[in-house]
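Summary of structural features
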Amino acid sequence: MLHRGGSAAFRCVYACNSVLLPRLYGRVAVVRSHSSHSMPPPKYALVKDTTPIPCTSPADSWLKAAPRGAYTTARTVNRDAVFELDAHIKRLASSCQQMLENDAKAGGQHPSEELNKLADAANLRPHVIASLAAAVQAFRQESPQHEGELKLTVLISWESGQSVIQSHAAALPDRPQPPVKVQARGAPRQNATAKDSEWVRTRQALEKDKPSDVNEILLVTEQGLVLEGTQTNFFAVVDDTVYTAEKGVLMGTVRGVVLEVCRREGIQVRLEAPSIRSVDQWQGAAIASTSRLLLPVHMIEYQKESKPHNRQFQYSKGRSLLSRLEELVLAEVEHRSETLLKSL
C-alpha cells in the first residue's frame, strides 16, 4: 500500500500538477473561454501510407466507413512525441497476427508472405512511424493555429494479399471534467485481445443510446463482472486494493502504466474483474484510455433486479487512493513518450 504520507514521486507530482496539466493538454484550455461562434470547424488529416488524402470525418466515423483491419489510438505529448509508441506498434502487430490467423481458419487460406510481415513489430515499426509523422505534418499544415495535442489513429487493413497503413490525426479533446458518470449495461465483445476495427461498428448501438451526460458504457458479463468500457479499461477500488480484469479485455497502454505505477508504489492489485453486485462495497472506480488517461468515476448507473440504481463516489484530492494514483499516472506520460521524428 502507498503509505499515508505518499512517496517522494507523489509529493513532487502533487506540487507540480498545475504545471503538468497545461503541458499535457497544451493550450486547449484556452478554447473553453471562447464562444461557440468563434470556434473554427474541426479539422482532420488522413494519410494513406504517407500520402495525404482528403478527410472531413472524425476518427470513429472514418473507421466505421474504412475497410476492416487492426487499429490503435495514440496521442501526442509536447506536440512531437507519442505516448507509449512502442506499445502501440506491438499492439498493431499482435492484432494483425490474431486477425490473420482467424481469417485463415475461417476461409482456409493462409496469408501471403507480405501479410505475415504485419505480425512482426520490428518490421512494422518504420512504416507506422513514417505514416504517423506524415499525418502529424498534414494536420499542422491544415490547422497551423492549433497548438495543442493530437489524437492519432492508425489502421492497417489488407485485401488480395496487399496491406495498407492509414493514419488519422485530429485535435485531442479536453479531458472530461467532474463529475464523470458511466453506465453498466453492455455485453462483452467477442475478441477483446485483438483491436479489430469491426468493434467500432459493433459498439455503435451502445453509443447511440448513451445519454449525453454519460462518459462511458461498461461491458458486464451475465454474472455481473465488469470487464471494461467500450473504449476504456476499468478499475475498482475495494478494501484499498485495485481490481481490474485480466481476461476478456484489451490490454490498453494506460492500463499498463497504471499497473506498473501500482507495483512501484506498493499499491495492492488483484487482476480480477470487480462485480457490480458488490458495488456498494467499492471505495471508488476509474476508467483509463489514451485521451482520458486515468479518470476517476463519480457515478455508476446500473440495473439491480430490473430496477435502475446508481452508486456515487467522492474523492479527497491528494488523499484518496484513486486521486493519488491519477496524479502519479499523469506524471508518467511524458517519461513514456517517444519522439516521432526530430525534424517535426
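Let me sum up the structure you'll find in this document.

Attention now moves to the overall build of the protein. Helix and strand counts for the protein come out as 10 helices and 17 strands. Scored against the burial criterion, the 344 residues of the protein give a buried share of 51%. Restricting to contacts in the protein with at least 6 residues of sequence separation, those with at least 24 account for 74%.

By the definition in use, this model includes 15 salt bridges. Ionic pairing is found between Asp86 and Arg125, a salt bridge with its closest N-O pair at 3.5 Å. You can see Asp86 sitting in helix H4 (residues 85-107) and its partner Arg125 sitting in helix H6 (residues 121-142), a full 39 residues away along the chain. According to the relative accessible area criterion, Asp86 is partly exposed, its value standing at 33%. When its relative accessible area of 24% is taken as the criterion, Arg125 is described as partly exposed. Salt-bridge contacts for Glu260 lead to Arg336; the nearest nitrogen and oxygen are separated by 2.9 Å. In this pair, Glu260 is assigned in helix H9 (residues 253-265) and Arg336 in the loop between helix H10 (321-335) and strand E17 (337-339), connecting sequence segments 76 residues apart. Within the structure, one salt-bridge network assembled from shared partners comprises Glu84, Glu260, Arg264, Glu265, Glu332 and Arg336.

Moving on: the environment of Glu149. Relative to the helices and strands, Glu149 resides in the loop between H6 and strand E5 (150-159). Sequence separation between Glu149 and Val82 is 67 residues, and the spatial gap between their C-alpha atoms is 9.9 Å. At a separation of 2.6 Å, a polar atom in the side chain of Glu149 contacts the side chain of Thr76.

Counted under the stated rule, the structure contains 1 aromatic pair. Look at Phe234 and Trp282: their rings are 5.8 Å apart centre to centre, the planes differ by 45°, and that puts the pair in the tilted class. Residue Phe234 is located in strand E10 (residues 233-238), and its partner Trp282 is located in the loop between strand E12 (269-270) and strand E13 (284-289); the two are separated by 48 residues in the primary sequence. Trp282 sits in the buried class, given a relative accessible area of 2%.

Taking 1.5 Å as the rise per residue, H6 with 22 residues should run 32 Å; its terminal C-alpha atoms sit 31 Å apart, in good agreement. Along H6, the residues that are buried comprise Leu124, Val128, Ile129, Ser131, Leu132, Ala133, Ala134, Ala135, Val136, Ala138 and Phe139. The inward-facing, buried residues of H6 abut strand E1 (44-48), H4, E5 and strand E6 (162-171). One side-chain oxygen of the residue at the start of H6 lies 3.1 Å from the amide nitrogen of Ala122, identifying that residue as Asp120.

Our focus in this paragraph is the environment of Leu328. With respect to the helices and strands, Leu328 occurs in helix H10. On the basis of relative accessibility, which here comes to 1%, the residue Leu328 falls in the buried class. Note: C-alpha distance between Leu328 and Val261 (67 residues apart in sequence) is 7.2 Å.

This part covers the pairing of strand E9 (residues 226-229). Bridging between strand E8 (residues 216-220) and E9 involves 3 bridges; their strand directions are antiparallel. Looking at E9, one finds that Leu219 is bridged to Glu228. Linking two consecutive strands that pair antiparallel, namely E8 and E9, is a turn of 5 residues; a positive phi of about 90° is found at Gly224 within it.

Rules and cut-offs
- Residues numbered from 1 in each chain as written.
- Predicted model: local features only at pLDDT ≥ 70, side-chain atom pairs only at ≥ 80, totals over all residues.
- Heavy atoms only, no water.
- Helix = DSSP H or I, 4+ residues; strand = E, 2+ residues; numbered from the N terminus.
- Buried < 20%, exposed > 50% of the residue type's maximum accessible area, 1.4 Å probe, protein only.
- Contact = heavy atoms within 4.5 Å.
- Salt bridge = Lys/Arg side-chain N within 4 Å of Asp/Glu carboxyl O.
- Polar contact = N/O pair within 3.5 Å; in protein donor to acceptor, adjacent residues only side chain to side chain.
- Phe/Tyr/Trp six-rings, centres within 6.5 Å; stacked < 30°, edge-to-face > 60°.
- Expected span 1.5 Å × (residues − 1).
- Pairing = 2+ DSSP bridges.

Keep in mind these numbers describe shape, not what the thing actually does.
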